[in-house]
Amino acid sequence: MDTRTKLIALVTGASSGLGESFAKKLAARGHDLVLVSENRSELARVRRDIESNSTCAVTTIVMDLFNPDAADRLLDICNKKKIHVDILINCAGIYVNVEREMEDIGPIENIINLHVLSLTKLCFLFGKAMIGRTRGYILNISSIAAEFADPASLTYGPTKRYVLSLSEALHCEWKQHNINVSCITPGGINTNFFNANQVFLPSVIRWTLIAPDRCAEVGLKALFSGRFRVTPGITGKLQSFLLKIFSRPLTYGIIKKTYFSMKNSN
């Protein structure tokens, strides 16, 4: 497929951080946009920024993807507006600390609904239409946290592991229909994600954070070239490699003790 043709891209989590970077990178490529987020004011800001710097059409949809029926309603809105999505970027994500996980089941339901249920439904609902047109691109955002047990959150890594596994299955199955499904597994990204979700980052990790624009560019290049998976940045690749070697059930206790020791002394 020639991506120089103007296509329509739907980006979730588009009001800030990596989602905003994806939106702006796609606009710079000349594609029209459907931007989705629950944050109305920030979504409007991103729209103004893009429209002032490009000629692409931007549609914003304010929606909370925590809701189990959000993907169905999003498809319905696009159908009513006669918007045929060619590129789907599933970027919306949250992190739930272990303290919150043990206090209330609500945040656990939210992270599962967002990372698993809504993402899966978006892939299949919009992917089915792409298959009918025999063209399309889907990019899902996982994490290197999918590769190890994280004592700081008992749900983030497992839900991101699901995203990676689903993406692999769709990549293998849907390429026969001319649908490229890719997944990026970044390490830390230099956005407000960690502060907004009250995530403690050791100083040794903070210096390795990759810029969101760089992460988005790597992800889009992988998507449009048909690659299944990419981990952006040298430090992200190194972290992924080391975690596969050193993060084991037998070392979990040491990792947990070290992490919370640094967190409590911060």
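See the structure printed just above.
Please read all numbers here as calculations on a predicted model, not as lab measurements.

Rules used in this analysis
Residues numbered from 1 in each chain as written. Predicted model: local features only at pLDDT ≥ 70, side-chain atom pairs only at ≥ 80, totals over all residues. Heavy atoms only, no water. Core = buried A, V, L, I, M, F, W, Y, C linked by side-chain atoms within 4.5 Å. Buried < 20%, exposed > 50% of the residue type's maximum accessible area, 1.4 Å probe, protein only. Helix = DSSP H or I, 4+ residues; strand = E, 2+ residues; numbered from the N terminus. Contact = heavy atoms within 4.5 Å. Polar contact = N/O pair within 3.5 Å; in protein donor to acceptor, adjacent residues only side chain to side chain. Patch = residues over 30% accessible without salt bridge, like charges linked within 9 Å, V, L, I, M, F, W, Y side chains within 5 Å. Areas by Shrake-Rupley, 256 points an atom, 1.4 Å probe, with all protein chains shown as cover. Salt bridge = Lys/Arg side-chain N within 4 Å of Asp/Glu carboxyl O. Axes fitted to C-alpha atoms, helices over the stretch in contact; angles between N-to-C directions. Parallel < 35°, antiparallel > 145°, perpendicular 65-115°, else oblique. Left-handed = near helix turned anticlockwise from the far one by under 90°.

Could you clarify how one ought to interpret the nonpolar core in this entry?
Across soluble globular proteins, you tend to see nonpolar side chains buried next to one another. Core analysis: the biggest nonpolar cluster contains 46 residues, and Leu10, Leu74 and Phe126 have the highest contact counts within it. Every element with two or more residues in this core is listed here: strand S2 (32-37), helix H3 (70-80), helix H5 (105-133), helix H6 (156-174), strand S6 (179-184) and helix H11 (252-265). Counting residues per element, this core draws most heavily on H5, at seven residues. Once you skip the residues sitting within four places of it in the chain, Leu10 turns out to touch Val34, Val36, Leu74, Cys78, Val85, Ile87, Leu88, Ile89 and Phe126. Residues Leu7, Phe22, Leu35 and Ala222 belong to the second largest nonpolar core, which totals 33 residues.

How should the environment of Lys263 be read in this particular structure?
Examined against the element boundaries, Lys263 turns out to sit in helix H11. Exposure remark for Lys263: the relative accessible area of 23% places this residue in the partly exposed category. Between the alpha carbons of Lys263 and Leu122 there is a distance of 36 Å; along the sequence they are 141 residues apart. Dropping the residues within four chain positions of it, Lys263 is found in contact with Glu99 and Phe200. A polar atom in the side chain of Lys263 sits 3.2 Å from the side chain of Glu99.

Explanation requested: a nonpolar patch on the surface in the structure shown.
Where nonpolar side chains cluster on the molecular surface, the patch consists of Leu238, Phe241, Leu242, Ile245 and Phe246 and spans about 500 Å² of accessible area. We classify Leu242 as partly exposed; its relative accessible area is 35%.

I would appreciate a short explanation of the environment of Ser118 in the present structure.
With respect to the helices, strands and loops of the structure, Ser118 is situated in helix H5. Residue Ser118 is classed as buried on the basis of its relative accessible area of 1%. For the pair Ser118 and Leu65, spaced 53 residues apart in sequence, the C-alpha to C-alpha distance is 6.4 Å. Leaving out residues up to four positions away in the same chain, Ser118 has contacts with Leu65, Asn67, Ala70, Ala71 and Asn113.

How should the packing of helix H1 (residues 17-28) against helix H2 (residues 40-53) be read in this particular structure?
Helix-helix packing is characterised by the crossing angle of the two axes and by the distance between the axes. With their axes 10 Å apart at the nearest point, H1 and H2 run at an angle of 25° to one another. Taken together, H1 and H2 sit at an angle that is classed as roughly parallel. Relative to H2, the crossing made by H1 is right-handed. Contact with H1, carried on its side by Glu20, Ala23, Lys24 and Ala27, involves Arg45, Val46, Asp49 and Ile50 of H2 and no other residues of that element.

It is not clear to me how the pattern of salt bridges should be interpreted in this structure. Could you clarify?
A side chain of one charge can pair with a side chain of the opposite charge if their charged atoms are brought near each other. Taken as a whole and judged by the stated rule, the model has 16 salt bridges. Between Arg73 and Asp69 there is a salt bridge whose closest N-O contact spans 3.5 Å. Overall, the relative accessible area of 34% leaves Arg73 in the partly exposed class. Across the salt bridge formed by Glu99 and Lys263, the nearest N and O atoms sit 3.2 Å from each other. Taken together, the residues span a long stretch of sequence, with Glu99 in helix H4 (residues 98-103) and Lys263 in helix H11 at a distance of 164 residues. Judged by relative accessible area, Glu99 falls into the partly exposed class, the value being 34%. Here the residues in one salt-bridge network are Glu20, Lys24, Glu42, Arg45 and Asp49, joined through shared partners.

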